[in-house]
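# Residue-level structural notes
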Amino acid sequence: MSIVLNYLKLQKNHKKIFQIISEVENFIFGINKLSIDQNLFVCGMPRSGTTFLTHLLNSSNEFSTFKYKDLPFYSIPIFWNYFNKLFYFSKKKFRRVHGDNLFIDKFSPDSFEELIWKNNIPQYNKNGYWQNIDKNYSGTIDKSLQSFIKKVNFINKKKKYLSKNNNNIFRIKYLLSKFPNSKIILLIRDPIDTALSLTKVHLKFLKFHKLNEKFSEELKLLGHEEFGYYRKLFKLNDDNNKIHLKNNASQIKLYIKKCLELNSFIIKNYIEEIENGKIIVVDFNNIKKFEDALPLLKKLKIDNINLIKQYFDENFKLNIYKNNIDKKKYEELFENYKTLQKYSLV
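Residues numbered from 1 in each chain as written. Predicted model: local features only at pLDDT ≥ 70, side-chain atom pairs only at ≥ 80, totals over all residues. Heavy atoms only, no water.

### What about the overall build of the chain?
The line we're drawing: Strands are runs of DSSP state E lasting at least 2 residues, helices are runs of H or I lasting at least 4, and numbering of each runs from the N terminus. Summary of the burial criterion: residues with accessible area below 20% of their type's maximum are buried, those above 50% are exposed, and those between are partly exposed, where the area comes from a 1.4 Å probe applied to protein chains only. Only the protein chains shown count as cover for residues, and the accessible areas themselves come from Shrake-Rupley with a 1.4 Å probe. Positive: Lys, Arg. Negative: Asp, Glu. His and the chain ends are not part of the count. The location of each charge is read from NZ of Lys, CZ of Arg, CG of Asp or CD of Glu.
Tallying secondary structure elements over the chain gives 16 helices and 6 strands in all. Dimensions of the chain along its principal axes, counting C-alpha atoms only, are 60 × 45 × 45 Å. Within the chain, buried positions represent 54% of all 346 residues. Accessible surface, the chain: about 17700 Å² in total, of which carbon and sulfur atoms supply 52%. Distance between charge centres in the chain, computed from 60 positive and 35 negative side chains, equals 4 Å.

### Comments concerning the state of the cysteines
Every disulfide links exactly two cysteines, by a covalent bond between their sulfur atoms. Note the following rule: Cysteine sulfur atoms that come within 2.5 Å of each other are treated as a disulfide pair.
Here the structure, examined in full by the defined rule, presents 0 disulfides. Looking at Cys 43, it has no disulfide partner, and the nearest cysteine sulfur is the one in Cys 259, 14 Å off. Accessibility expressed as a relative area gives 1% for Cys 43, which makes it buried.

### Structural notes on the packing of helix α10 (residues 191–211) against helix α11 (residues 213–222)
So the rule is basically this: The axes are straight lines fitted to the C-alpha atoms, using for helices just the contacting stretch, and the angles between their N-to-C directions are given from 0 to 180°. Angle categories are assigned with fixed cut-offs, so that under 35 degrees is roughly parallel, over 145 is roughly antiparallel, 65 to 115 is roughly perpendicular, and the rest are oblique. Pairs of residues are marked as contacts when any of their non-hydrogen atoms sit within 4.5 Å. Asp, Glu, Lys and Arg are counted as charged, while Ala, Val, Leu, Ile, Met, Phe, Trp, Tyr, Cys and Pro are counted as nonpolar; the rest, among them Gly, fall into the polar class.
At a minimum axis separation of 5 Å, α10 and α11 run at an interaxial angle of 120 degrees. When the axes of α10 and α11 are compared, the pair comes out oblique. Residues Phe 205, Phe 208, His 209 and Leu 211 of α10 pack against Glu 213, Phe 215, Ser 216 and Leu 219 of α11. Residue composition of the contact of α10 with α11, grouped by class: 5 nonpolar, 2 polar and 1 charged.

### Comments concerning the pattern of salt bridges
Condition: By definition here, a salt bridge exists when the distance from a side-chain nitrogen of Lys or Arg to a carboxyl oxygen of Asp or Glu is within 4 Å.
A complete count under the given rule lists 14 salt bridges for this structure. A salt bridge links Lys 178 to Asp 142; the shortest N-O distance between them is 3.4 Å. Here Asp 142 lies in helix α8 (residues 140–156) and Lys 178 lies in helix α9 (residues 172–178), a separation of 36 residues in the sequence. By relative accessible area, which is 30% here, Lys 178 ends up partly exposed. For Asp 142, a relative accessible area of 16% corresponds to the buried category. One connected set of salt bridges, linked through shared partners, spans Arg 47, Arg 96 and Asp 100.

### Some words on α10
Put simply, the test is: Each helix should span, by expectation, one fewer than its residue count multiplied by 1.5 Å. Two N or O atoms count as a polar contact when they lie within 3.5 Å, although within protein this holds only if one can serve as hydrogen donor and the other as acceptor, and sequence-adjacent residues are included solely when both atoms are side-chain atoms.
The end-to-end C-alpha distance of α10 is 30 Å, a good match for the 30 Å that 21 residues give at a rise of 1.5 Å each. At the N-terminal end of α10, a side-chain oxygen is found 2.9 Å from the backbone nitrogen of Ile 192, two or three residues along, and the residue is Asp 190.

### Some remarks on the packing of aromatic side chains
Working definition: an aromatic ring pair is given by the centre-to-centre distance plus the angle between the planes. Convention followed: The rule is short: rings of Phe, Tyr and Trp, with Trp giving its six-membered ring, pair when the centres are within 6.5 Å, and they are stacked under 30 degrees, edge-to-face over 60, tilted in between. Lysine and arginine charges are scored as sitting over a ring when NZ or CZ, respectively, is within 6 Å of the ring centre and within 35 degrees of the ring normal.
Enumeration over the complete set of coordinates arrives at 32 aromatic pairs. Centroid distance Phe 41 to Phe 179: 6.1 Å. Interplanar angle 40 degrees. Geometry classified as tilted. Here Phe 41 is found in strand β1 (residues 38–44), whereas its partner Phe 179 is found in the loop between α9 and β5 (183–188), with 138 residues between them in sequence. Each of the two residues, Phe 41 as well as Phe 179, counts as buried. The interplanar angle of 15 degrees and the centroid separation of 4.6 Å between the aromatic rings of Phe 312 and Phe 316 together place this pair among those described as stacked. When the ring centre of Trp 117 is taken as reference, the NZ or CZ atom of Arg 171 above it lies at 4.4 Å.

### What to know about the side chain of His 224
Of note, His 224 is situated in the loop between α11 and α12 (248–275). Residue contacts for His 224: discarding those within four places in its chain leaves Asp 110, Ser 111 and Leu 219.

### Thoughts on the environment of Ile 21
Relative to the elements of secondary structure, Ile 21 occurs in helix α2 (residues 15–29). Those residues within four positions of Ile 21 in sequence are excluded, and the remaining contacts are Ile 76 and Phe 79.

### Considerations on the sheet that holds strand β6 (residues 279–283)
Strand pairing in a sheet takes place through backbone hydrogen bonds and is either antiparallel or parallel in direction. This is how the line gets drawn: Strand pairing is defined by DSSP finding a minimum of two bridges between the two strands.
Pairing in this open sheet of 4 strands is parallel, and the strands run β4-β1-β5-β6 from one edge to the other. Each of the sheet's edge strands pairs with one partner strand only, and the pair in question is β4 (160–164) and β6. The sheet shows a mean angle of 20 degrees between the axes of neighbouring strands, direction not considered. Sheet strands in contact with helix α3 (residues 50–58) are β1, β4 and β5, and its direction is about 155 degrees off that of β1. Running at roughly 115 degrees to β4, α8 makes contact with β1 and β4 of the sheet.

### A closer look at the side chain of Lys 150
Relative to the assigned elements, Lys 150 resides in helix α8. Apart from the residues lying within four places of it in its own chain, the contact partners of Lys 150 are Ile 31, Asn 32, Leu 34 and Ile 36.

### Side note on unusual backbone geometry
With an omega of 5 degrees, the peptide bond between Leu 71 and Pro 72 qualifies as cis. Within the fold, Pro 72 resides in the loop between α3 and α4 (77–81). Non-glycine residue Asn 61 carries a positive phi angle of around 65 degrees. By the secondary structure assignment, Asn 61 is in the loop between α3 and α4. You will see that Gln 123, though not glycine, has its phi angle at about 60 degrees, which is positive.

The following block contains the structure:
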């Protein structure tokens, strides 16, 4: 953990030097001449099934993705690709620290793409990862993101790029304007189930912080601020009254509020893109067996169905949360979630 953290800090502290090396990389491998065929962006509320779905799609072997092996030198991924085999030589599959029974290795995808956004959006830390980046936005992210995607495609020898980044939910209009052939998969999930899962991971990460503060520092540097010691939750509404967080129940209440807040944001900003098919809504609660995912796979024109079925059968676990929460109490607040459910492909 600390080795990766140190190298991430090295790139942050010597950003200009690594930008020059990155440009050399572009020149040597002709990155600027490459085209981007199609992108698939997976996003949603954290703990809504985005990681599992990304791993599921990645198992088809039809996409390039940002993998664990691309760390820590994400800014020069092609050069680093010649050395990462030595860096990760003895690494074997291990269970994710989130406690969701997903096993990962150096070839597993994750939302490390956020590093590119974090380093190219002005006032990222001050204004938050949730600042709305729309189609009119222009900045260094334009060139950096395209270059990054091309390099990931080049390394993996693929033409289709698969991204899992929940924070992209605030950048959908921008992504669709820059990559018009792209599709957005928007995961939704029962707000109470999501809140219970978020609370579980948040409390788990707080315990990890007590054992090793560098764990939290690395998460923050990677742009993972949805739970843990450095948690920074998005603020989309003017009504952001502080909730006193004295126990688990209040943590759950806070996360329920955030789920509802995000659903409201989606309805307000993206209903047109949902209706014209640019955004594919998937209700993760409706995926209980492999056949439930088939409509999505057909929509995306995935060929290697057998590979995906094998991954699903080996890794999918149906989580049923036992709780004493009175759902009827929140029923009238779930209007936007129910609206999104009507658009779900599965």
